[in-house]
Structure formats: structure tokens, C-alpha cells
Amino acid sequence: MTIPFDYIGKVAVVTGGAQSIGLLVAQNLVKRGARVVIGDIQLSGAAEVDRMNKKAEGHVAIFQHCNVSDTNALWSLIDLAITAFGQLDILVNNAGILDKPWELDPTGSTARRCITTNICGTIEATNYALHHWNQQKDAKGVVVNLASMAAYVPLNFMATYAATKAAIVMYTKCMASVAPKVRVNAIAPGGVDTKFIDAEHLGRDHWTVKASGLIQPQRVVDQVMRAIEDESLAGDIIIVKNNEEPELCKLPKSTDMEALFQTSSASV
Ligand SMILES: NC(=O)c1ccc[n+]([C@@H]2O[C@H](COP(=O)([O-])OP(=O)(O)OC[C@H]3O[C@@H](n4cnc5c(N)ncnc54)[C@H](O)[C@@H]3O)[C@@H](O)[C@H]2O)c1
């Protein structure tokens, strides 16, 4: 019999948690009994945290301004969870931005911001959290990265974004080997009904949105919670499409490769 994941007393860090998917993840975590530290560049996260604490009638959430492209700010966010709430159990690398098409980004500055936010923010936060968990003999951790269907569907108008999300998919697959101490998983949704979609070169009238429709954010958050709770998931990507059952990405993980190499070296 599997023991249900117990959120009571657990502490989570959620990046990009001031709105949309990140905020909903934080709210779902608190609803289940966890405490959360939200980091975001938008200061409106502070008011959201006030609302969460009032609703819970306790000190269950903290907001800290954090630009995930800034390594020190990221480390300080994770340190805050440990100093203020005493531990770290869950890291949700949710902060992510869209690039602009190359025609609108001649200096590549938006592309660079997209890369540092989406890739560096995710990998540096995970490395720091892994280091923390590694130092605690009995600690176990779980990381959920927000990837995207863009990792699998080459679309020219979001080339840098797609490349960053493909990087997150591969990074997550590589990190299968740190389980069972730490389980690193990712969610790869298609278009989700959030402010993200309203970017000037995307928008609700865009042909891709018209063709695929938009996923309700709670459906994505349900899969984030599944990735946290399901002990059998490690190095897994849950693909979430509109009006379809979520499915696991079939690309091999680092643990599959290790098993494969061990088998082939044994047969030499
Ligand atoms: N909405 C979609 O269609 C969609 C689809 C697939 C994947 N995703 C991914 O899901 C995640 C959340 O998307 P969303 O729809 O909630 O987007 P959103 O734009 O509504 O919210 C993103 C949040 O991240 C914050 N953020 C941006 N840059 C940051 C930085 N440098 N440091 C800290 N915080 C920062 C923003 O302030 C915002 O609060 C992103 O990683 C996105 O790529 C979104």
C-alpha cells in the first residue's frame, strides 16, 4: 500500500508565484498544509501572501522579491525558506518568460533574458537545493520544473523560448539519477489560460491558440501536485494538452541510460 504524500509541515519555494500558475501552485500547497516562500519580480506577490496568511489564520506564506536570473537572489530565496520555516522540502521552478521573435529583438536582449530566467533560474535553484538536501542525511526533496509543449513543437515565433523549455526537458530527464533522495520532474503544458498568453506577439487570437485552445490553469497545477506526490515519478515530464489525458514523455531518462550502459558493458 502506498502512503499518501503528507504536506503537513512541508516547506516549499515557488518562483514566479505572484500570479497565474505559480500563485495557484502556492495556494494549492497551503490548502494541503504546506508553508510556502514565493519569489517573484512582481511586488504584487506580497499582497497575495497577505491574503493567504489571513485565510489560513497563520504564518503560512512569505513573499520575497527575487529575480531568478540573479544567482544571489535565488540562493537568498531558498535560504529564507530554511531560516524562516526551518526546512526545504519542495522547489517549484515556475518563473518563466516568453522571448520576442528575432525580428523584434535585433540585439538579442530579450532572448538573453529568456535564457537566464528560464534555464539559469531553474538549474541554479535546483543545484542549490540539491546541495542543501545532500548535506542533510535524512532529508528528501522534490523539484518540479515548468517546461512547455513548446519543447516538442518547433514554432519560429518563440524559438528561444522553445529552446529553453527543451533544455528544461533534457535537464529534468538527466536528473532522474538523483532519486530517490530527490525527485526532479517537469510539467510540459500546451497554451494555458493565463496572462502569459497576452504577450503582444502571441495573444488569444493567435492561430496556435485558436487551433489548440487554452488549458485551465488548475489542470496544470493538478499535475504539479501529482509530480510532487507520486513517488514513482523521477526524471519524468508530464505533458498536458487541452481536452486530453495527461501523458508521460517517452524520451529516455538518465537512469535508463545507466541501466543500458551497464547491460552492454556486462555483455562485452
Ligand atoms: N501560460 C502558458 O501558456 C504556458 C504554457 C506552457 C508553459 N508555461 C510555463 O509556466 C510557467 C508559468 O507561466 P504562467 O502562464 O503562469 O505565466 P505568467 O506570465 O502569468 O506568470 C509568470 C510569473 O513569473 C514571474 N517572473 C517572470 N520573470 C521572472 C524572474 N526573472 N524572476 C522571478 N519571477 C519572474 C512573473 O512576474 C509572473 O508572476 C512559465 O515557466 C511558463 O513558461 C506557460
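In this report, the structure presented in the accompanying data block is examined. (Residues numbered from 1 in each chain as written. Predicted model: local features only at pLDDT ≥ 70, side-chain atom pairs only at ≥ 80, totals over all residues.)

**A short note on the packing of helix α1 (residues 20-31) against helix α7 (residues 217-229)**
Note the threshold: What counts as an axis is a line fitted to C-alpha atoms, over the stretch in contact for a helix, and the angles between N-to-C directions run from 0 to 180 degrees. Under the scheme used here, helices are H or I runs from DSSP no shorter than 4 residues and strands are E runs no shorter than 2 residues, and both carry numbers assigned from the N terminus. In what follows, roughly perpendicular refers to angles from 65 to 115 degrees, roughly parallel to angles under 35, roughly antiparallel to angles over 145, and oblique to any angle outside these ranges. When the near helix sits turned anticlockwise from the far one by under a right angle, the crossing is termed left-handed; a clockwise turn instead gives a right-handed crossing. We call two residues in contact whenever the C-beta atoms placed from their backbones are within 7 Å.
Running from N to C, α1 and α7 point in directions that differ by 55°, and their axes come no closer than 9 Å. In terms of their interaxial angle, α1 and α7 are classed as oblique. Regarding α1 and α7, the two cross each other, and that crossing is right-handed. From α1, S20, I21, L24, V25 and N28 reach across to α7, where they touch P217, Q218, V220, V221, V224 and M225.

**Overview of unusual backbone geometry**
To be explicit about the condition: The burial criterion counts other C-beta atoms lying within 10 Å of a residue's C-beta, which is placed from the backbone; the residue is buried at 20 or more, exposed at 12 or fewer, and partly exposed between these limits.
The omega torsion of the bond from A179 to P180 falls at 10°, within 30 degrees of zero and hence cis. Positionally, P180 belongs in the loop between α5 (159-174) and β6 (182-189). Despite not being glycine, S20 shows a phi value in the positive range, around 50°. Within the fold, S20 resides in helix α1. A tally of 19 C-beta atoms within 10 Å means that S20 is categorised as partly exposed. Even without a glycine there, the phi angle at N243 is positive, about 60°. Its place among the elements puts N243 in the loop between β7 (237-240) and β8 (247-248).

**Focus: the sheet that holds strand β1 (residues 11-15)**
The condition that has to hold: At least two bridges found by DSSP between two strands are what make those strands a pair.
Pairing is mixed in the open sheet, where eight strands are placed in the order β3-β2-β1-β4-β5-β6-β7-β8. On the outer flanks of this sheet lie β3 (61-65) and β8, each paired with one strand and no other. Looking at chain direction, β7 and β8 are connected through two bridges and run antiparallel. Looking at β8, one finds that I239 is bridged to E247. Sitting on the sheet, α1 touches β1, β2 (35-40), β3, β4 (90-93) and β5 (141-146), and the angle it makes with β1 is about 170°.

**What about the pairing of β7?**
Going residue by residue along β7, you find I237 and I239 tucked away on one face and I238 and V240 tucked away on the opposite face as well. Connecting β7 to the antiparallel partner β8 that follows it, the hairpin turn spans six residues, and N243 within it adopts a positive phi of roughly 60°.

**What about the packing of helix α4 (residues 109-135) against α5?**
Any two packed helices are characterised by how steeply their axes cross, that is the angle between the axes, and by the distance between the axes. For clarity, the cut-off: Polar here means any residue other than Ala, Val, Leu, Ile, Met, Phe, Trp, Tyr, Cys and Pro, which are nonpolar, and Asp, Glu, Lys and Arg, which are charged; Gly is therefore polar.
Contact geometry of α4 with α5 gives a least axis separation of 9 Å together with a crossing angle of 15°. One way to sum up the angle between α4 and α5 is to call them roughly parallel. Between α4 and α5 lies a crossing of right-handed hand. Only T160, Y161, T164, K165, A167, I168 and Y171 of α5 make contact with α4, whose side of the interface consists of A111, C114, I115, N118, I119, T122 and I123. For the contact of α4 with α5, the per-class residue count stands at nine nonpolar, four polar and one charged.

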